[in-house]
Amino acid sequence: MGYFDGFLVTLKQIFSDRVTSEYPKEKRPKPLRHHGRHVLNRYEDGMEKCIGCELCAGVCPARCIYVRGADNPPEAPVSPGERWGFVYEINYLRCIHCDLCVEACPTEAITESKLFEFSFTNREDAIYTRSELLVGDDGKPKKLPWEDWRGGDDDHTSAWMRATSPNGQAAYEGRVQWSGELGYGVRAPEAGQSGDPELAPPTDVEATAKGPLYAGSDTAPGERASDHRHVEAS
Amino acid sequence: MSGDPLFAGGVDWVVVAFVVVKALIGFTIVMVGVIFMIWFERKVIADMQNRIGPNRAGRWGLAQTLADGIKLIFKEDLWPDKADKPVFRLAPYLSVAPAFLTFTIVPIGGVFSGGNDGAVELFGRRTWLQVADPPVGVLFLLAMSSIAVYGIMLAGWSSGSKYPLLGSVRASAQMVSYEAALGLSVVAVVLLSGSLSTHDIVAAQAGSILDWNVIATAGVPFAIFCVAATAELNRPPFDLVEAEQELVGGFHTEYSSIRFGMFYLAEFMNTITMSAIIVTLFLGGPAGPVLFGPPLIWGILWFTLKVLVFLFTFVWLRATLPRYRYDQLMDLGWKRLIPLALGWLLVIGAQRIGLDRGWDRFVTGAASLVVLTLAAVALFGAIRVAERRRQSDQFGEVVA
């Protein structure tokens, strides 16, 4: 056909799938480690994880976090530590969702949910306070009226933690290095980051707790054990 | 054949009422057609680009055009400081009016086969299903498409701004160029049907499909007319007038509000009108098989279907073809379409004379085709020689 091939190409597109979706009605699946609105986590017994150390506020490049710590009241402690964050505010007009606060937090108190569609209409709503950020008694984030939560947005709120490890060492991949969460307990590591989930390192909590990770391993620090296996397999 | 039987018994108030109602109905058809054509174009082009297209206003986005129109009416009406205000205001109307006036000469239905003259009987009067049937029908079509150039040219000129001016200069050059090819390809049709009236042209094609002008003229004038009509409409791939990438928006850059809406309306009205004209001139208008029921309904149905095919094709062209370069556009118009239309006109003219004189059909056809081929070779040879000479004039000294 020569000159007319192009017409066939455009005609065929009518019957092929659409690349766009009807956005507000249906949403695309979000990545597991999507950086969305923050949550303040609690331990399984309901204690808050935040100890008011202000490391998140210090590391924040947008200066959007304001924390003030206070000594725990001895008769009714809020957190298991010495202090607790009695003021915790995030200004979402400033937040750039870089996740540095999550990485800085020593107690995994602050993590991010997958929610990014929250259209507040005034500055007061834009500043989330401690009570709004704190997870509810079921361990799920609180859902504010202007937030558009869809199924699955409130799962995996600590996904980053479970993807690598709280200390950021890649060699700790797949090892449970995190504390339990209210409503979930100690969550399993995110599997399959190095490819095949079968090849991921064992997730034995006790083994990890006993000694240095590298002992007895032929894998150099910083290298992924599974990388070697992967090469052999292929 | 005489004119519309409506006027046979003199003009009384019933006849006047008939004409007014017919004009209103015709206008309504075109306006509703435009509303759906804009929606249709946006949906089909979205389909061809793997998108969804308008789907918010009304079911399947059907009310999208209406929403856009209402929005345009309420927008601020701006004009540039340097605009020539009376002309600036006049131009959109000059664009819309010819688009509708051309549609008035299109017979949208009627039974032409079996000795019928396409008239329908209503309230004791017989009339044709077209708003008007001027004896100069085809000339009227060409005249109106010339007036449409004024709308665009004056819009660009009166804006007092550079891009609209450039766009309108392109537009008028393009439209004037392609009008020649358009006219010459219609002459072939007029030659066959022996009349300028659109009603008579349709009546002459009423027999079998072999009587349709697209086949009776061996397709060449049809192809030329389609290409020239696309250029005349300033639709892709000949949309140099608007050429967003180069000219912002072309002649209507400085227009806003409903004045812009008028140009938009005119563009789509012209698309519908031109499709209807192609169907009328080449594809027998409402001609088609009657399967069951009243033949009148089938005539309107076939006409609508044929027009829809062309409307779809215009959208398809837009989705598929990239824009022509300006010199390619002029080359195609002047060096290919016009000589071809002229040559084919001579071939058909020879056939008609041969019919009168009783010459052998095939000998006449073969002889005229040979002459046409020789002329084509001579023409393209001359064009090539001229191009080479111009190039050596330009670069000769530098090379030497």
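Nothing here was measured: the structure is a model prediction, and the numbers come from that model.

**Q** Looking at this model, I keep getting lost on helix α2 (residues 64-74) of chain B. Mind explaining?
**A** In an α-helix there are 3.6 residues to a turn, and that puts residues three or four apart on one side. Residue and element names in this part refer to chain B. Those residues of α2 that sit buried are Q64, T65 and L72. Down the axis of α2, the buried side of the element spans an arc of 95 degrees, and every buried residue falls inside it. Across from the buried face of α2, at angles greater than 90 degrees, the exposed residues are I73 and F74. Tucked inside the fold, the buried residues of α2 contact α1 (13-48) and α10 (257-282).

**Q** Explanation requested: the domain arrangement of chain A in the structure shown.
**A** One frequent convention defines the size of an interface as the accessible area lost when the parts assemble. Residues and elements named next belong to chain A. Per the domain assignment, the segments making up chain A are domain 1 (38-162) and domain 2 (163-190 + 202-227). Taken together, the contact between domain 1 and domain 2 spans 22 residues of the former and 18 residues of the latter. For the pairing of domain 1 and domain 2, the buried interface totals around 1,500 Å² over both sides, and the portion due to carbon and sulfur atoms is 45%. One can count zero salt bridges joining domain 1 with domain 2. Its residues placed into classes, the side of domain 1 that touches domain 2 shows four nonpolar, eight polar and 10 charged.

**Q** Just to check I follow, could you spell out the pattern of salt bridges for this structure?
**A** Two side chains bearing opposite charge may form a pair once their charged atoms approach each other closely. All names here are of chain B. Using the criterion set out here, one finds 23 salt bridges over all chains in the structure. A salt bridge links E387 to K335, with the nearest nitrogen and oxygen atoms 3.3 Å apart. Residue E387 is located in helix α13 (residues 361-399), and its partner K335 is located in helix α12 (residues 326-357); the two are separated by 52 residues in the primary sequence. Of the residues examined, E387 reaches a relative accessible area of 30% and is grouped as partly exposed.

**Q** Is there a simple way to think about the packing of helix α3 (residues 85-103) of chain B against helix α4 (residues 137-158) of chain B in this case?
**A** Each pair of packed helices gets described by two things: the angle between the helix axes and the distance between those axes. Residue and element names in this part refer to chain B. At a closest axis distance of 8 Å, the pairing of α3 and α4 adopts a crossing angle of 160 degrees. Comparing the axis directions of α3 and α4 gives the class roughly antiparallel. The crossing of α3 and α4 is left-handed. Taken together, the residues of α4 that come into contact with α3 (itself represented by V87, F88, A91, L94, S95, P98, L101 and T102) are F140, L141, M144, I147, A148, Y150, G151, I152, L154, A155, W157 and S158. Residues belonging to the contact of α3 with α4 are distributed by class as follows: 16 nonpolar, four polar and no charged.

What counts as what
Residues numbered from 1 in each chain as written. Chains lettered and ligands numbered in written order. Predicted model: local features only at pLDDT ≥ 70, side-chain atom pairs only at ≥ 80, totals over all residues. Heavy atoms only, no water. Buried < 20%, exposed > 50% of the residue type's maximum accessible area, 1.4 Å probe, protein only. Helix = DSSP H or I, 4+ residues; strand = E, 2+ residues; numbered from the N terminus. Arc of directions from axis to C-beta. Contact = heavy atoms within 4.5 Å. Domains from an automatic or database assignment. Buried area = accessible area lost by both parts, 1.4 Å probe. Salt bridge = Lys/Arg side-chain N within 4 Å of Asp/Glu carboxyl O. Nonpolar A, V, L, I, M, F, W, Y, C, P; charged D, E, K, R; others polar. Axes fitted to C-alpha atoms, helices over the stretch in contact; angles between N-to-C directions. Parallel < 35°, antiparallel > 145°, perpendicular 65-115°, else oblique. Left-handed = near helix turned anticlockwise from the far one by under 90°.

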